Amino acid sequence: MRLADPAAMLAYVSLLFGLLLVFFPISFPKIVLHNWQSARLTPIMILFTVSLNLGLYLKVTYQRSARPGILASACLGSVPVFVLAGLNLLLQATIAHTLAGDIRNAPARVDEEILAQTFFAMIAAIFAPFLLIRLGQQFHKNNS
Amino acid sequence: MVALGIHELTADWTSAKWLLWISLYAGFGIVLPRVMTLAWAHQHHMPMRPGLKQIFEHGELGLVSLMLAISVIWDLQKSEYTSYTVALGSVFLALTGIMAGAVWVEAYCRRFSGIRFTSERAWRDSRNLALLVFSLALVTEILLDRFVKVTAL
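Bear in mind that the values here come from a model prediction, so they are computed numbers and not experimental data.

A. Region of the structure containing the overall build of chain B. A tally of regular secondary structure across chain B gives five helices and zero strands. Along chain B, helices and strands appear, N-terminal first, in the series α-α-α-α-α. Counting every position in chain B, which comprises 153 residues, the buried fraction comes to 38%. Of the contacts made within chain B by residues no fewer than 6 positions apart, 79% connect residues no fewer than 24 positions apart.

Shown next as structure tokens:
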């Protein structure tokens, strides 16, 4: 597994996010914020990232005629959950920090912080498992 | 929590300026070297017509990506996002930029040491990682632009 393998798909996901922001600058953020407020955003992102990661991994193993590993599959399934849960806590801290200060237009800033962290969290959740798999493969190669 | 003044972020075509911005990097970093190569070949009456794959077959696209990542990290550091958001974005941009640059370094090391080197692989890896860095940079700048408009309300 090379890190360039998921890079192209991740780039397309990122570009899609960007195009939605440019062409739907009000409705798309409203959808994200509404789902975050109703505590649906994290489960939706977990479902999306895990499905995408597993699909990418199976595609790469098929192309290389390799067998999917159990550890790698477990990593792809569990790491996005931990990453998104952890970054959700970070987002809570960000919101508390923004609202605690005497900042003008704090609610609007919070909305933009949620949007930005949603984007970075999605990228992290898709990329982190492949990074761990790659590090594991390097470690295994060095030790064998 | 409803965003105040979000109507101020109504799409105007200034939001698409980031496509123009990213096109400058693509133009100067990728298209210009090819144009200069063709111009040189023409000037010296050489029949060569290299494509982007041949010009960047040693992973040089990674260097362009690294420069782009650095400029976006700088913009992020100057923004008024909270430190958590700035750190998160900076880490990911730096990580992807370094990985893109590492393709060029690895290609050089393999060629120098005589270890098996495939230019096809170097081109493919640097192309995919450059695409990733470009897309992350574009979305980050769009988010920064929105945030500036919100803080100006």
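B. Representation of the overall build of chain A. Of regular secondary structure, chain A possesses five helices and zero strands. Along its sequence from the N terminus, chain A presents helices and strands in the succession α-α-α-α-α. Taken across its 144 residues, chain A has 42% of its residues classed as buried. Of the contacts formed within chain A by residues at least 6 apart in sequence, a portion of 72% connects residues at least 24 apart.

C. Main features of the interface of chain B and chain A. Each partner contributes residues to the interface: chain B has 35 residues there, and chain A has 37 residues. Contributing elements (two or more residues each) for the side of chain B that touches chain A: α4 (83-113) and α5 (119-151) of chain B. The dominant element in the side of chain B that touches chain A, judged by the number of residues it contributes, is α5(B), at 16 residues. The residue inventory of the side of chain B that touches chain A, partitioned by class, reads 23 nonpolar, nine polar and three charged.

D. The arrangement of the environment of A121(A) in detail. Residue and element names in this part refer to chain A. Take A121: it is sitting in helix α5 (residues 106-143). Separated by 33 residues in sequence, A121 and N88 have C-alpha atoms that sit 8.3 Å apart. Apart from residues no more than four positions distant in its own chain, A121 is found in contact with M45, L84 and L87.

E. Up close: the packing of helix α3 (residues 61-78) of chain B against α4(B). All names here are of chain B. At a minimum axis separation of 7 Å, α3 and α4 run at an interaxial angle of 165°. Comparing the axis directions of α3 and α4 gives the class roughly antiparallel. When you trace α3 past α4, the crossing you get is left-handed. Along its contact with α3, which presents G62, L63, S65, L66, A69, I70, V72, I73, L76 and Q77, the element α4 presents V86, G89, S90, L93, A94, T96, G97, A100, G101, A102, V103 and W104.

F. Molecular detail of the nonpolar core. Of all hydrophobic cores here, the largest spans 79 residues; its most connected members are F119(A), I123(A), A124(A), A125(A), L129(B) and V133(B). Apart from the residues within four sequence positions on either side, V133(B) is in contact with S65(B), L68(B), A69(B), T96(B), G97(B) and A100(B).

G. Here's a closer look at helix α2 (residues 27-37) of chain A. All names here are of chain A. Those residues of α2 that sit buried are P29, V32, L33 and W36. In an axial view of α2, the angular spread of the buried residues amounts to 95°, which keeps them on one side of the axis. Along α2, the residues that are exposed and aim more than 90 degrees away from the buried face are S27 and H34. Positive phi appears at A39, one or two residues downstream of α2, with a value of about 60°.

H. Geometry of unusual backbone geometry. Of note in the backbone geometry, A39(A) takes a positive phi value of approximately 60° without being a glycine. Position of A39(A) among the secondary structure elements: in the loop between α2 and α3 (41-63). Owing to 9 C-beta atoms within 10 Å, A39(A) belongs among the exposed residues under this scheme. For H45(B), which is not a glycine, the phi torsion comes out positive at approximately 55°.

I. Structural view of α3(A). Spanning 23 residues, α3(A) covers 33 Å between terminal C-alpha atoms, matching the ideal 33 Å at 1.5 Å per step. Burial in α3(A) covers these residues: L41(A), M45(A), T49(A), V50(A), N53(A), L56(A) and Y57(A).

J. Structural detail: the packing of α4(B) against α5(B). Residue and element names in this part refer to chain B. Interaxial distance between α4 and α5 falls to 9 Å at its minimum, and their mutual angle equals 160°. Taken together, α4 and α5 sit at an angle that is classed as roughly antiparallel. Two packed elements cross with a definite hand, and for α4 against α5 that hand is left-handed. Contacts between α4 and α5 involve G89, F92, L93, T96, G97, M99, A100, V103, W104 and A107 from the former and A122, D125, S126, L129, A130, L132, V133, L136 and T140 from the latter. For the contact of α4 with α5, the class distribution of residues is 13 nonpolar, five polar and one charged.

What counts and how
- Residues numbered from 1 in each chain as written.
- Chains lettered and ligands numbered in written order.
- Predicted model: local features only at pLDDT ≥ 70, side-chain atom pairs only at ≥ 80, totals over all residues.
- Helix = DSSP H or I, 4+ residues; strand = E, 2+ residues; numbered from the N terminus.
- Buried ≥ 20, exposed ≤ 12 C-beta atoms within 10 Å, placed from the backbone.
- Contact = placed C-beta atoms within 7 Å.
- Nonpolar A, V, L, I, M, F, W, Y, C, P; charged D, E, K, R; others polar.
- Axes fitted to C-alpha atoms, helices over the stretch in contact; angles between N-to-C directions.
- Parallel < 35°, antiparallel > 145°, perpendicular 65-115°, else oblique.
- Left-handed = near helix turned anticlockwise from the far one by under 90°.
- Core = buried A, V, L, I, M, F, W, Y, C linked by C-beta atoms within 7 Å.
- Arc of directions from axis to C-beta.
- Expected span 1.5 Å × (residues − 1).

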